[in-house]
Amino acid sequence: MIISVPREIKNNENRVAITPAGVSTLVQAGHQVKIETRAGIGSGFADEDYAAAGAKIVQTAEDAWEADMVMKVKEPLPEEYRYFRQHLILFTYLHLAPLPDLTKALLDNAVTGIAYETIQLDNGELPLLQPMSEVAGRMAVQVGAHYLEKASGGKGVLLGGVPGVLPGRVTIIGGGIVGINAAKIAAGMGAQVTLLDINPSRLRYLDEIFNGRIRLLMSHPYNIAQAVKDSDLVIGAVLIPGARSPRLVTEEMVKQMEPGSVIVDVAIDQGGSIETIDRATTHDEPTYTKHGVIHYAVSNMPGAVARTSTLALANATTPYALQIANDGFKGAIAKNKAIARGVNTLDGKITFKGVAEALGYPFSEVEKMISA
Ligand SMILES: NC(=O)C1=CN([C@@H]2O[C@H](COP(=O)(O)OP(=O)(O)OC[C@H]3O[C@@H](n4cnc5c(N)ncnc54)[C@H](O)[C@@H]3O)[C@@H](O)[C@H]2O)C=CC1
Ligand SMILES: CC(=O)C(=O)O
């Protein structure tokens, strides 16, 4: 199979979909790999590193999109839609539920869209989302701490406090991978942490892990309102896989927060979990202020720490790319249910229920389409 990796063009997206080690794995298995020139620079990988691993360096995006399978990090932007074509396998984060235009472009061109974020193991784990959720969860607290500083427009609270002064109060909504990582960092800094989740088993697990160090609450509007009102920093970390994020923090709740408080909505890539956040922000302009509260909603947070993120992402994605390349699309989804769950678009149809429901399309089962 010919596998190709374009340079990412999203604002400050410094990650790249493959490392030289990944190229070497694919080439040794008999595949051809093309990399767009300078695609790896933001992550510390030069064209020469890829060439030495066996990749062909190509000079243009057109060339980099000409392959059996294109691997990316972020969802394609409108200027990339012209490269879509039937039977192209696109393996990347897609986050289609809040993106009707991208979804339509994939359907109109019958692209086979395999979304990293909905590849799901039988036990429910999302192995290609996890590493970036670890990064974003850890970053959410350092970002929040930065915007709480006076010079950044914040209320001037140090999350850890000092002896004789209470620590900052952090509320995390959603206790999955982002949530647990945010809680670890916030608790490690000495903040007072409250975490809410809707899943009692997850709350029990977190109770074991944190052993009383953080406060755990069932997620419902009453508890969310109380926790948000008393918070210096609120972190949105919910997910219903593939679906649009539920909007759990209402505008009224935001109005109750003290001026200079901060909201970091990590869940923005699935549409956002805060009513006062209706669009993603960028690393160039990461925040805006509403009702006196600083809102941060960058949808590619890990792009800011690209060296760490690229290595972590590629550790997870490369074995799946290898399986798709070795077995072909149909073979891979027949052998590996996790990959079948990743297929969001096929032959002009939506094959992921959460996306179909969010955007009002009919849902088609990928296995039935393949066997028809
Ligand atoms: N902005 C960015 O750069 C990045 C965003 N993300 C996003 O962060 C979000 C969270 O991802 P993960 O932690 O990996 O997901 P996860 O599936 O590990 O955790 C989600 C948690 O939300 C909980 N939840 C669902 N409904 C809830 C509700 N009503 N109230 C409270 N909790 C609820 C679930 O029980 C689960 O524990 C996703 O949207 C993901 O795509 C991840 C990485 C980077
Ligand atoms: C998960 C995701 O969207 C990201 O890492 O950018």
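Predicted model, so just to flag it, every value in this text is computed and none were measured.

Chemist: Looking at this structure, I do not really get the pattern of salt bridges. What am I missing?
Modeler: Once the charged atoms of two side chains with opposite charge are near each other, the side chains can pair. Applying the stated criterion to the full structure yields 18 salt bridges. Residues K10 and E75 are paired through a salt bridge, measuring 2.7 Å at the closest nitrogen-oxygen approach. Here the residue K10 occupies a position in the loop between strand 1 (2–5) and helix 1 (20–28), and E75 occupies one in the loop between strand 4 (69–71) and strand 5 (89–92), the gap between them amounting to 65 residues. For E75, a relative accessible area of 9% puts it in the buried group. Across the pair R169 and D232 runs a salt bridge, and its minimum N-O distance is 3.0 Å. Of this pair, R169 sits in strand 7 (residues 169–173) while D232 sits in the loop between helix 8 (221–229) and strand 10 (233–236), placing them 63 residues apart in sequence. A relative accessible area of 3% means that D232 is categorised as buried. Salt bridges sharing partners connect three or more residues here, namely K155, R169, D232 and E258.

Chemist: It is not clear to me how the site of ligand 2 should be interpreted in this structure. Could you clarify?
Modeler: If you check the shell around ligand 2, you find R15, K74, Y93, H95, L129, M132, D269, S299, N300 and P302 and nothing else. Note that an oxygen atom of ligand 2 is positioned 2.7 Å from one of the side-chain N or O atoms of H95. Contact with the protein chains removes 95% of the 210 Å² of surface that ligand 2 exposes when unbound. Taking a 2 Å distance to the grid points as the criterion, the majority of the atoms of ligand 2 fall inside the largest pocket. Tallied by class, residues from the shell around ligand 2 come to four nonpolar, three polar and three charged. If you count residues domain by domain, the shell around ligand 2 takes at least three from each of domain 1 (2–110 + 305–371) and domain 2 (130–299).

Chemist: Could you clarify how one ought to interpret the site of ligand 1 in this entry?
Modeler: Around ligand 1 sit 28 residues, and of these S133, D197, S219, D269 and M301 come closest. Between ligand 1 and the protein, one listed contact pairs an oxygen atom with a side-chain N or O atom of S133 at 2.7 Å. One nitrogen or oxygen atom from the side chain of D269 is found 2.7 Å from an oxygen atom belonging to ligand 1. Within the complex, 90% of the 870 Å² of free accessible area of ligand 1 lies under protein. The pocket occupied by ligand 1, as judged from atoms lying within 2 Å of grid points, is the largest pocket. Of all elements in the fold, only helix 5 (130–147), helix 6 (177–188) and strand 8 (192–197) reach the threshold of two or more residues within the shell around ligand 1. With three residues, helix 5 is the single largest residue contributor to the shell around ligand 1. Taken together, the residues of the shell around ligand 1 break down into 16 nonpolar, ten polar and two charged.

Chemist: Could you clarify how one ought to interpret the nonpolar core in this entry?
Modeler: Taken as a class, soluble globular proteins show a tendency for nonpolar side chains to be buried jointly. Counting residues in each nonpolar core, the largest one holds 77 residues, and the members touching the most others are I35, M71, F91, I172, I235, V264 and M301. Composition of this core by domain shows at least three residues from each of domain 1 (2–110 + 305–371) and domain 2 (130–299). When near neighbours in sequence (up to four residues on either side) are disregarded, I235 contacts A140, V141, V170, T171, I172, I173, A182, V264 and V266. Listed in part, the 20 residues of the second largest apolar core include L90, L96, I350 and F352.

Chemist: Any chance you could explain the UniProt feature "active site" (unreviewed entry) in the protein here in plain terms?
Modeler: Mapped onto the present numbering, the UniProt feature "active site" (unreviewed entry) falls on H95 and D269. Across 175 residues of sequence, these annotated residues stay compact in space, with a maximum C-alpha separation of 6.4 Å. When only the residues just named are considered, the largest pocket is lined by H95 and D269. Topologically, H95 is positioned in the loop between strand 5 and helix 4 (100–108).

Chemist: Hey, could you run me through the sheet that holds strand 7 in this one?
Modeler: Strands belonging to one sheet form pairs held by backbone hydrogen bonds; the direction of such a pair is parallel or antiparallel. With mixed pairing, the seven strands of this open sheet are ordered in space as 9-8-7-10-11-13-12. Looking at strand neighbours, the two that pair on one side only are strand 9 (215–218) and strand 12 (287–290), the edges of this open sheet. Between one strand and the next, the sheet's axes are offset by a mean angle of 20 degrees, whatever the strand orientation. In this structure, strand 8 lies alongside strand 9, joined through four bridges in parallel fashion. Of the residues in strand 9, the one forming a bridge with D197 is M218. Across the sheet, helix 5 is in contact with strand 10, strand 11 (262–265), strand 12 and strand 13 (293–296); its angle to strand 11 comes to roughly 155 degrees. Helix 7 (residues 200–210) rests against strand 8 and strand 9 of the sheet, and its axis sits at about 175 degrees to strand 9.

Chemist: Whenever I open this one, the packing of aromatic side chains confuses me. Can you help?
Modeler: Any aromatic ring pair is given by two values, namely how distant the centres are and how the planes are angled relative to each other. Across all of its chains, the model carries seven aromatic pairs by this definition. With a centroid separation of 6.1 Å and 65 degrees between ring planes, the pair formed by F45 and Y50 is classed as edge-to-face. For the pair F45 and Y50, a shared accessibility class is recorded, and that class is buried. Summarising the aromatic geometry, the rings of Y147 and Y296 are spaced 6.1 Å apart at their centres and angled 45 degrees between planes, so their arrangement reads as tilted. Of the two residues, Y147 sits in helix 5 while Y296 sits in strand 13, which places them 149 residues apart along the sequence. Among the aromatic residues, ring-to-ring pairing joins W65, Y81, Y83 and F84 into one connected group.

Reading guide: rules and limits
- Once a new chain begins, its residue numbering starts again from 1 and follows that chain's sequence as written.
- Just so you know, chain letters begin at A and ligand numbers begin at 1, following the order they were written in.
- With pLDDT at 70 or above as the cut-off, local features in this predicted model cover only qualifying residues; side-chain atom pairs require 80 or more to be listed or tallied, and sums for whole chains, interfaces and linings still use all residues.
- Hydrogens and water are ignored here; the side-chain numbers use all heavy atoms of the structure.
- Any carboxyl oxygen of Asp or Glu within 4 Å of a side-chain nitrogen of Lys or Arg constitutes a salt bridge here.
- The helix and strand labels rest on DSSP assignments: H or I over at least four residues marks a helix, E over at least two residues marks a strand, and numbering proceeds from the N terminus.
- Burial here depends on accessible area, computed with a 1.4 Å probe over protein chains only, as a share of the maximum for the residue type. Under 20% is buried, over 50% is exposed, and the range in between is partly exposed.
- Only heavy atoms are used to decide nearness, and a residue is near a molecule or strand if one of them lies within 4 Å of it.
- Under the rule applied, a polar contact is a pair of N or O atoms within 3.5 Å (in protein, one hydrogen donor and one hydrogen acceptor; residues adjacent in sequence only if both atoms are side-chain atoms).
- Computed with a 1.4 Å probe, the accessible areas rest on the Shrake-Rupley method; for each residue, only the protein chains presented here act as cover.
- Buriedness for pockets is judged along seven lines, at least five of which must meet protein on both sides within 12 Å for an open set on the 1 Å grid over protein atoms alone, while cavities are sets there where a 1.4 Å probe fits but cannot get out, and lining residues have an atom within 4 Å of a point.
- The way we define it, a molecule is inside a pocket or cavity when more than half of its atoms are within 2 Å of that pocket's grid points.
- Three residue categories are used. Nonpolar comprises Ala, Val, Leu, Ile, Met, Phe, Trp, Tyr, Cys and Pro, charged comprises Asp, Glu, Lys and Arg, and polar comprises the others, including Gly.
- All the domain ranges listed were derived from an automatic or database domain assignment.
- What we call a nonpolar core is a set of buried Ala, Val, Leu, Ile, Met, Phe, Trp, Tyr and Cys residues that are connected through their side-chain atoms within 4.5 Å.
- Two residues qualify as a contact provided that any one of their heavy atoms is within 4.5 Å of a heavy atom in the partner residue.
- UniProt positions are given in the numbering used here, feature names are shortened, and annotations may be inferred rather than shown by experiment.
- In this scheme, strands are said to pair when DSSP sees at least two bridges between them.
- Angles shown run from 0 to 180 degrees and are taken between the N-to-C directions of axes, each axis being a line fitted to C-alpha atoms and, for helices, limited to the stretch in contact.
- Each aromatic pair joins two rings of Phe, Tyr and Trp (for Trp, the six-membered one) with centres within 6.5 Å, and gets the label stacked for planes under 30 degrees apart, edge-to-face for over 60, and tilted for any other angle.

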